[in-house]
Amino acid sequence: MAQGRWTIPDLVLIAFAGLVGSLVGVGIGQGSEVTAALIGQFLLTAAALALVGRARQRDYRRLGFVVEGRDAMLVVLGMGLQVGLAVVFFPVARLVGLETDPQVLTGEVAAMGGLYRRMAVFLLIGLIGPVLEELMFRGILIDALGTRFERRGVIFWSAAAFSAFHLTGISTVQPLESAAVLVPQLFLFGVVLAHLRISRGRLGPAIFTHAGFNLLSLLVLVFYPEFV
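Values in this document were obtained by computation on a predicted structure and should not be read as measured data.

Reading the values: rules and limits
- Residues numbered from 1 in each chain as written.
- Predicted model: local features only at pLDDT ≥ 70, side-chain atom pairs only at ≥ 80, totals over all residues.
- Heavy atoms only, no water.
- Helix = DSSP H or I, 4+ residues; strand = E, 2+ residues; numbered from the N terminus.
- Rg over C-alpha atoms; globule rule 2.2 N^0.38 Å.
- Buried < 20%, exposed > 50% of the residue type's maximum accessible area, 1.4 Å probe, protein only.
- Lys, Arg positive; Asp, Glu negative; His and termini not counted.
- Salt bridge = Lys/Arg side-chain N within 4 Å of Asp/Glu carboxyl O.
- Contact = heavy atoms within 4.5 Å.
- Axes fitted to C-alpha atoms, helices over the stretch in contact; angles between N-to-C directions.
- Parallel < 35°, antiparallel > 145°, perpendicular 65-115°, else oblique.
- Left-handed = near helix turned anticlockwise from the far one by under 90°.
- Nonpolar A, V, L, I, M, F, W, Y, C, P; charged D, E, K, R; others polar.
- Phe/Tyr/Trp six-rings, centres within 6.5 Å; stacked < 30°, edge-to-face > 60°.
- Expected span 1.5 Å × (residues − 1).
- Core = buried A, V, L, I, M, F, W, Y, C linked by side-chain atoms within 4.5 Å.
- Patch = residues over 30% accessible without salt bridge, like charges linked within 9 Å, V, L, I, M, F, W, Y side chains within 5 Å.
- Areas by Shrake-Rupley, 256 points an atom, 1.4 Å probe, with all protein chains shown as cover.

Caption draft 1: The overall build of the chain, seen in detail. Scanning the chain for helices and strands turns up 8 helices and 0 strands. In sequence order, the chain lays out its α and β elements as α-α-α-α-α-α-α-α. Over its C-alpha trace the chain gives a radius of gyration of 17 Å, about what one expects of a compact globule, namely 17 Å for 228 residues. If one aligns the C-alpha atoms of the chain with their principal axes, the spans along those axes are about 50 × 40 × 35 Å. By residue count, 45% of the 228 residues in the chain fall in the buried class.

This is how it looks when you write it as structure tokens:
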């Protein structure tokens, strides 16, 4: 193994820490505070990333956390992917009879009031979330998979893990229908993000594409919830 290479157990530990953080946040927010849950998740994810990296002597440079100013233009790509995937999978949603939001967070954000809470959610989901998720799935995981697979295998399995990870927030009202719509969308999105990471050799492009994807969803949820 290359010196300082990250591993799949590293990712599992960090993802588990994030899950614990979200549960702690929900407890602090008395079961309904989205912002507290997100803060808890992201704080423990970041802390675990730092602790695992130091304890196991991982090389942070292998994550490719390099951002350039021109990467900001890729926000438009992320927004375009959000629209395109929604259009493509709309017939699938109709076919399986999906009548609710595929993710629990969607409905909670749409119902959220208060300027400061909305600003916090935009910061958390629109910026911090993409950074941490890219570090996990296009940073740690791609570095780990590089020892086992060629480029196509790395892209496929990183996208599969990314889509599976989001099942933790899937709707409990229609779980199977939600998964049938959400998982393939996120898998295809993960393929694009992994391709950007590998072809560009750094995380900046994937981070901004991911941010654009999330931001468009937030804009619709907050300002035009009737379209959801």
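Don't stop here, the text continues.
Caption draft 2: Quick look at the side chain of Arg197. Tracing the chain through its elements places Arg197 in helix H7 (residues 175-200). Here Arg197 is buried and forms no salt bridge, its nearest opposite-charge partner Asp143 lying at an N-O distance of 6.4 Å. Apart from the residues within four sequence positions on either side, Arg197 is in contact with Arg62, Leu63, Gly64, Arg138, Ile142, Arg202 and Leu203.

Caption draft 3: A look at the packing of helix H6 (residues 151-165) against H7. Taken N-terminus to C-terminus, the directions of H6 and H7 make an angle of 135°; their axes are 8 Å apart at the nearest point. Considering the angle they form, H6 stands oblique to H7. As H6 runs across H7, the sense of the crossing is right-handed. Judged by residue contacts, Arg151, Val154, Ile155, Phe156, Ser158, Ala159, Ala160, Phe162 and Ser163 of H6 engage Val183, Leu186, Phe187, Phe189, Gly190, Val191, Leu193, Ala194, His195, Ile198 and Ser199 from H7. Residue classes in the contact of H6 with H7 are distributed as 14 nonpolar, 5 polar and 1 charged.

Caption draft 4: How the structure looks around unusual backbone geometry. One non-glycine residue, Gln57, adopts positive backbone phi at about 55°. Classification of Gln57 as exposed rests on a relative accessible area of 64%.

Caption draft 5: Inspection of the environment of Phe149 at higher detail. With respect to the element layout, Phe149 can be found in the loop between helix H5 (115-145) and H6. Given the relative accessible area of 32%, Phe149 is considered partly exposed. In this structure, Phe149 is in contact with Val154 and Trp157, ignoring residues within four places of it in sequence.

Caption draft 6: Looking closely at the packing of aromatic side chains. This structure, assessed with the given rule, holds 8 aromatic pairs. Ring geometry for Phe149 versus Trp157: centroids 6.3 Å apart, planes at 35°, classification tilted. Here the aromatic rings of Phe156 and Phe187 are separated by 5.4 Å at their centres, their planes lie at 70°, and the arrangement is edge-to-face. In this pair, Phe156 sits in helix H6 while Phe187 sits in helix H7, placing the two residues 31 residues apart along the sequence. A residue is classified by how much of its surface remains accessible, and Phe156, at 39% relative accessible area, is partly exposed.

Caption draft 7: Molecular detail of the pattern of salt bridges. Within this structure, the stated rule accounts for 9 salt bridges. The residue Arg61 makes a salt bridge to Asp59 at a minimum N-O spacing of 3.1 Å. With relative accessibility at 19%, the residue Asp59 sits in the buried group.

Caption draft 8: Focus on H6. The end-to-end C-alpha distance of H6 is 21 Å, a good match for the 21 Å that 15 residues give at a rise of 1.5 Å each. Structurally, H6 contributes buried residues whose contacts are with H5, H7 and helix H8 (204-223).

Caption draft 9: How the structure looks around the nonpolar core. Trp6, Ile14, Val109, Leu135, Ile140 and Phe189 are the most contacted members of the largest nonpolar core, which has 47 residues in total. Broken down by secondary-structure element, the contributors of at least two residues to this core are helix H1 (8-28), helix H2 (34-55), helix H3 (75-96), H5, H6, H7 and H8. Leave out the neighbours within four places in its chain, and Trp6 touches Ile14, Leu49, Val52, Gly53, Arg58, Asp59, Tyr60, Arg62, Leu63, Ile140, Asp143 and Ala144.

Caption draft 10: A look at a nonpolar patch on the surface. The grouping of Phe16, Leu19, Val20, Leu23, Val24, Ile28, Ile39, Leu43 and Leu44 at the surface amounts to a nonpolar patch, some 840 Å² of accessible area in total. The set of elements that each furnish at least two residues to the nonpolar patch consists of H1 and H2. Ranked by residue count, the leading element in the nonpolar patch is H1, at 6 residues. On the secondary structure map, Ile39 appears in helix H2. In this structure Ile39 comes out as partly exposed when scored by relative accessible area, which is 37%.

Purely geometric numbers; function is a separate question.
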